[in-house]
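# Structural overview
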Amino acid sequence: MSYTAGVADALINRDTQELESLLLPIAVNNQVEMLTLIDTNGIEILTLAFDSTTGQYLRVDGKDFSSFPPVEKILKGKLDEKGDKFTGLLQAKDGVALFTSAAVRRSNGQLAGVLMVGTYLDHLVSDLKTRALADIVLLDKDGNLLSTSLPPEDRGYEGLEETARFQVADNSDQSHNLTLYRRDYQVVYAPLVIRGEN
């Protein structure tokens, strides 16, 4: 999307109608949940966010993303061994989402801004469950629940988080037994690694 003809110029000119006409069809065809375009100051020019209740894309603008690491790195011209695309978690309207950022450049290499694509963790977890044929639990580094394919117990996810904190602190990647919903589970904790980072 960041290389789509006309996107760089429309971003520099802050032409939201042109950006939408160029990118909305791509977003719809690829079932993109959130698409954000950001200027070189880190300010949101346009976000197209899919609203599952209406089946339409909502439009938002004006948020400052300059301190969000996946945007900040591009604005500062940072590269790593994997290139100039970066990822990060961000609280969005309907939950925590995983965003991937990419530089948008003019044909002469000049930075025009940043494009981000976001996926809600709940949808990612659902997809992972289907692929792995197992329930999935995503926790932050402190053992707090980010998303899961498991339904909540009567007291919510407290028991799951408590057990996870203990196991993660133990730093063990062996399987563990866990009882939830009066059922026994075997659980393996492993870091979520994206772009070689966890």
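Conventions adopted
Residues numbered from 1 in each chain as written. Predicted model: local features only at pLDDT ≥ 70, side-chain atom pairs only at ≥ 80, totals over all residues. Heavy atoms only, no water. Salt bridge = Lys/Arg side-chain N within 4 Å of Asp/Glu carboxyl O. Helix = DSSP H or I, 4+ residues; strand = E, 2+ residues; numbered from the N terminus. Buried < 20%, exposed > 50% of the residue type's maximum accessible area, 1.4 Å probe, protein only. Core = buried A, V, L, I, M, F, W, Y, C linked by side-chain atoms within 4.5 Å. Pairing = 2+ DSSP bridges. Phe/Tyr/Trp six-rings, centres within 6.5 Å; stacked < 30°, edge-to-face > 60°. Axes fitted to C-alpha atoms, helices over the stretch in contact; angles between N-to-C directions. Contact = heavy atoms within 4.5 Å.

### A word on the pattern of salt bridges
Enumeration according to the criterion identifies 8 salt bridges in this entry. Between Asp-39 and Arg-14 there is a salt bridge; the shortest N-O distance is 2.7 Å. You can see Asp-39 sitting in the loop between strand S1 (34–38) and strand S2 (44–51) and its partner Arg-14 sitting in the loop between helix H1 (7–12) and helix H2 (16–29), a full 25 residues away along the chain. The class for Asp-39 is buried, based on a relative accessible area of 7%. For Arg-14, a relative accessible area of 47% gives the class partly exposed. A salt bridge links Lys-76 to Glu-72; the nearest nitrogen and oxygen atoms lie 3.1 Å apart. A residue is classified by how much of its surface remains accessible, and Lys-76, at 56% relative accessible area, is exposed. Since its relative accessible area comes to 27%, Glu-72 is described here as partly exposed.

### Here's the deal with the nonpolar core
Among the nonpolar cores identified, the biggest contains 18 residues, and Leu-11, Leu-19, Leu-35, Leu-37 and Val-104 are the most heavily contacted of them. Where this core is concerned, the elements lending two or more residues are H1, H2, S1, S2 and strand S6 (111–120). Membership of the second largest hydrophobic core comes to 16 residues, among which are Leu-90, Phe-99, Ala-103 and Met-116.

### Comments concerning the pairing of strand S10 (residues 183–187)
Here strand S9 (residues 176–180) runs beside S10; their pairing, made up of 5 bridges, is antiparallel. Across the sheet, Leu-180 pairs through a bridge with Arg-183, a residue of S10. Between S9 and the antiparallel strand that follows it, S10, lie 2 residues; Tyr-181 among them carries a positive phi value of about 55 degrees.

### Some words on the packing of aromatic side chains
Applying the stated criterion across every chain, the model contains 2 aromatic pairs. Pairing Phe-50 with Tyr-57 gives two aromatic rings, centres 5.3 Å apart and planes at 65 degrees, and the pair type is edge-to-face. What makes Tyr-57 buried here is its relative accessible area of 10%.

### A short note on the sheet that holds S1
Backbone hydrogen bonds are what pair the strands of a sheet, in a parallel or an antiparallel way. In spatial order, the strands read S3-S2-S1-S6-S5-S4; together these 6 strands make up an open sheet with antiparallel pairing. The two strands at the open ends of the sheet, each matched to only one other strand, are strand S3 (56–60) and strand S4 (86–92). Sheet twist, expressed as the mean angle between neighbouring strand axes with direction ignored, is 25 degrees. Where S1 meets S2, 5 bridges bridge the pair, whose relative direction is antiparallel. What sits directly across from Leu-35, in S2, is Leu-48. Contacts from H2 reach S1, S2, S3 and S6 within the one sheet, and its direction differs from that of S2 by about 35 degrees. Sheet contacts for helix H4 (residues 121–132): S4, strand S5 (95–105) and S6; angle to S6, the most-contacted strand, approximately 60 degrees.

Purely geometric stuff here, so don't read any function into it on its own.
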